[in-house]
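Each chain, letter by letter, is given below.
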Amino acid sequence: MNTEIGGQESNRGGKTAAAGAHLSLAVEGMSCASCVLRVENAIKAVPGVAEANVNLATEHADITFSNAADLPAVSAAIRAAGYDVREHTQEFAIDGLSCASCVLRVENAIKGVPGVLNASVNLATSRAAVSIADGAVSARDIERAVEAAGYEARALEDGDSGDRERAAREAESAALRRDTIVAAALTLPVFVVEMGAHIIPALHHWVMGTLGIWSWYGQFLLTALVLAGPGRRFFIKGIPALLRGAPDMNALVAVGAGAAFTYSVVATFMPGLLPAGTDHVYYEAAAVIVTLILLGRYLEARAKGRTGDAIRKLVGLRPQRATVQRDGRTEDIAIDDVRPGDIVVVHPGEKIAVDGEVVEGSSFVDESMITGEPIPVAKQAGSHVVGGTVNTAGAFSFRATAVGSDTVLAQIIHMVETAQGSKLPIQALVDRITAWFVPAVFAVAAVTFTIWLFFGPEPALGFALVNAVAVLIIACPCAMGLATPTSVMVGTGRAAELGVLFRKGEALQSLRDATIIAVDKTGTLTEGKPQLTDFIVAPDFDEATVLAAVAAAEQRSEHPTARAIIEEAQRRDIAVPALDEFGAIPGFGVTARIGERRVLVGADRFLTREGIDPATFAKDAQRLGEEGKSPVYAAIDGKLAAIIAVADPIKPTTPAAIEALHALGLKVAMVSGDNTRTANAIAKRLGIDEVAAEVLPDGKVEVVHRLSKGGAKVAFVGDGINDAPALAAADVGIAVGNGTDIAIESADVVLMSGDLRGVVNAIAISQATMRNIRQNLFWAFAYNTALIPVAAGVLYPLNGTLLSPVLAAGAMALSSVFVVSNALRLRRFRSPVAT
């Protein structure tokens, strides 16, 4: 799904293929990092393509177009490179067709939807057959395009692209399982007869005495069946790739197994063509290579299927049906048919269909899938509800405000999919290496063959062949290509389950490097709901009169302190007069006129700027500040009238979160608009390392820059609205959401709840994921670095050690399985703090 968050238009929305369009295509046939680069280069060569990002783990290509999106050209380029775009045909019933011009109009409308490869409309049957790239467009988008052209369309089959992709993966896994079993059954006799004869002399004598040359004929037949049947996939993909001068993993296997088989065929049927003493057969090597690599691919496919569990769980949260009130009656309709403004009825135990606002009834809703908080939330008229959450008790009705791709759940899924498909900066190094890796392997294999042929012991040709084949097989770069994307997929998926959404995959890497966590105080460290704790008036002023004037002045202010003052006036039943004038000065305070009186409310710097000395309350201000309370001053008609103490309670979970951040080796800085004394008091209570106090809204960026001096990497934590500039300026911006407002464009990471422990989870899983990636890359590169020379035979002069192609195939297969299995360990990641 490629819906853009924040109200931007989706490429699935049936819009005209225009500049800046985005598409995600499912690509088949990729097996290693070389394939990724080859597909990316093929796509980028298509005119109009601005950017292409191919992910081996997800088997998707994410494409951005600078000009009109030409999907057929992209599909053709991918196929020309030796791969395929996974597609399916969807049939639609078309209403309103009357002539051939209608057919052409509908065809053009459908073809104009990004993601459609071709469309054919039949006037006689009033049906359209549409070829669709999997994952690039939905049936509903095509229906909208037809409707926009003046006709009506209805999909004739259900199921979304995710279901089809999952079915395709399951079919691929089943095919690999079948081919592996067949190959193993055919290979076992060959392996037992040939290798067993080498290990058990008695078996060798029995074979030679009873079967003789027929043993080789039998091995030839069985091996030919293995290569022509289960192993055919390697040749039909690998040989064309080799002929195009762009060899991949399939080419390595095809050349390795094919060389062993061809040499054996010559030794069996035309031994006279070989030098004396070199007529040996290596059928078991060719057969076992194919069997073991198929086994490895099957195990890898099963493991890779589990890397997308998080997305499947999220998709599984979406209800399929909704009960809607329309035209005075209640209807049960498909979730895709719910429209904004519909009144949706929710019964006890049901999932809420879409996002909306309660209009009637009350209940408690389990929102743990959004916020991570297990306690159900009370809902009543005016409350916001989120699609996918569960109604625990009571019944209510709500007005749908967001449906389809605009719902919170859809945005979450999109965020996770986007992060999972992203390339981390570390992947650039892998890409550069794998760009030349496979050609280099062929070169090493050629050098190995040449050296053994001219300088090796007798039979030199046999040694040369076996070692060259071992080099080809051992060096497959599958593990390199899977090392990063599989870890990113599992890591971001597990993070989403913990309420941490990585909007950008690269934030996984940059967050790991953060050394300073700068936290905005209000709403992040604290509840964000200040309470009035002290109200001290100057001599000659009446407390009730001053409070009424101050509350009146704060009526139009959006600052949390204003709400605390107004609530105190309401609690005391003090009548608040009407305002005649009002003005707000960000970072300072407010000014108001009530009749003939001029009222100022704000920080001490505000009164000083207005020529009013706040020194009268100096001792009170000092005491309040030491207690961690924020003093606010009031002046009436140019005279100091009162000092008001407002305290924003610290969240109960904040101390544990600060302690956990310190345990991760991080320095914590607090950014606050409070006066220095108050900010320092709060910082002391929490054990915060550095304080930036009296910071105006536009000064937070400057604080971020100051903290980053000396090479420090800064992660800024804020609410994503007032803190947007600081979030963007920091190395990593972490936005604290409220469970529903997650479309924060300026942040790299979004926390679904306001709990600061989410920051700890984000950093910890970033560190765990990068550690996992380093393990994978070490295994992949160390494996090749260590075993390619061994396969080439460098140990033979020292201790007579040679690496059999059979062992090379087994090691290569296990390397990919190891990398994917290691990435899957991230599914067991546990939060370092209790949540």
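What comes next is a walk through the structure. Everything quoted here is computed from the prediction, not taken from an experiment.

One finds Ile43, Val74 and Ile517 to be the most contacted residues of the largest nonpolar core, which totals 138 residues. Examining the composition of this core, we find that 16 residues originate from one element, helix H27 (residues 757-792), more than from any other. Sequence-distant contacts of Ile517, defined by excluding residues within four places in its chain, comprise Leu661, Leu666, Lys667, Val668, Ala669, Ala715, Val717, Val759 and Ile763.

Each neighbour pair has its own omega, and for Glu458 with Pro459 the value is -5°, a cis peptide bond. In this fold, Pro459 is placed in the loop between helix H14 (425-455) and helix H15 (460-474). Its identity is not glycine, yet Asp540 carries a phi of approximately 75°, on the positive side. With a phi close to 60°, Asp573 is a non-glycine residue in the positive phi region. Within the secondary structure, Asp573 is located in the loop between helix H20 (560-571) and strand E21 (581-585). Owing to a relative accessible area of 71%, Asp573 belongs among the exposed residues under this scheme.

This part covers the pairing of strand E26 (residues 667-671). Most of E26 sits inside the fold, with four of its five residues counted as buried. With five bridges joining them, strand E19 (residues 516-520) and E26 adopt parallel strand pairing. The residue bridging Ala518 from the neighbouring strand is Ala669, located in E26. Sheet topology places E26 next to strand E27 (residues 690-692); three bridges connect them, and they run parallel. The residue bridging Ala669 from the neighbouring strand is Glu690, located in E27. For the crossover from E26 across helix H24 (residues 676-686) to E27, the handedness is right-handed.

Our next topic: the pattern of salt bridges. Under the counting rule described, the total for this entry stands at 26 salt bridges. The partner of Arg86 in a salt bridge is Glu28, with the nearest N and O atoms 3.2 Å apart. Taken as a pair, Arg86 in the loop between strand E4 (84-85) and strand E5 (87-95) and Glu28 in strand E1 (residues 22-28) lie far apart in primary sequence, 58 residues in all. With relative accessibility at 33%, the residue Glu28 sits in the partly exposed group. One salt bridge connects Arg233 with Asp179, and the closest N-O pair in it is separated by 2.5 Å. Of this pair, Arg233 sits in helix H8 (residues 232-243) while Asp179 is found in helix H5 (residues 161-199), placing the two residues 54 residues apart along the sequence. Looking at Asp179, the relative accessible area reads 11%, which means it is buried.

This part covers the sheet that holds strand E24 (residues 630-636). A sheet is described by the order of its strands in space; here six strands give the open sequence E20-E25-E24-E23-E22-E21, paired in antiparallel fashion. If you trace the sheet from one side to the other, it starts and ends with strand E20 (531-537) and E21, each paired once. Across the sheet, the axes of successive neighbouring strands diverge by a mean angle of 15°, strand direction being ignored. By the bridge criterion, four bridges tie strand E23 (residues 597-602) to E24 in an arrangement that is antiparallel. Bridging across to E24, Leu600 finds its partner in Ala635. Along the sheet, helix H19 (residues 543-553) makes contact with E20, E21, strand E22 (589-594), E23, E24 and strand E25 (639-647), crossing E23 at roughly 75°.

So, on to helix H22 (residues 618-626). For H22, the set of buried residues is Ala621, Leu624 and Gly625. Buried residues of H22 fall within an arc of 100° about the axis and therefore sit on the same side. For H22, the exposed residues lying more than 90 degrees away from the buried face are Lys619 and Glu626. Where H22 is buried, its residues meet E20, E24, E25 and H24.

Okay, the packing of H19 against H20 next. Where H19 contacts H20, the axes come no closer than 9 Å and their chain directions differ by 135°. Considering the angle they form, H19 stands oblique to H20. Where H19 crosses over H20, the handedness of that crossing is left-handed. Together, Leu547, Val550 and Ala551 of H19 and Ile565, Ile566, Glu568 and Ala569 of H20 make up the contact between the two elements. Tallied by class, the residues present in the contact of H19 with H20 amount to six nonpolar, no polar and one charged.

What counts, and where the lines are drawn
- Residues numbered from 1 in each chain as written.
- Predicted model: local features only at pLDDT ≥ 70, side-chain atom pairs only at ≥ 80, totals over all residues.
- Heavy atoms only, no water.
- Core = buried A, V, L, I, M, F, W, Y, C linked by side-chain atoms within 4.5 Å.
- Buried < 20%, exposed > 50% of the residue type's maximum accessible area, 1.4 Å probe, protein only.
- Helix = DSSP H or I, 4+ residues; strand = E, 2+ residues; numbered from the N terminus.
- Contact = heavy atoms within 4.5 Å.
- Pairing = 2+ DSSP bridges.
- Right-handed = clockwise from strand over helix to strand, strands pointing away.
- Salt bridge = Lys/Arg side-chain N within 4 Å of Asp/Glu carboxyl O.
- Axes fitted to C-alpha atoms, helices over the stretch in contact; angles between N-to-C directions.
- Arc of directions from axis to C-beta.
- Parallel < 35°, antiparallel > 145°, perpendicular 65-115°, else oblique.
- Left-handed = near helix turned anticlockwise from the far one by under 90°.
- Nonpolar A, V, L, I, M, F, W, Y, C, P; charged D, E, K, R; others polar.

By themselves, these figures tell us nothing about what the structure is for.
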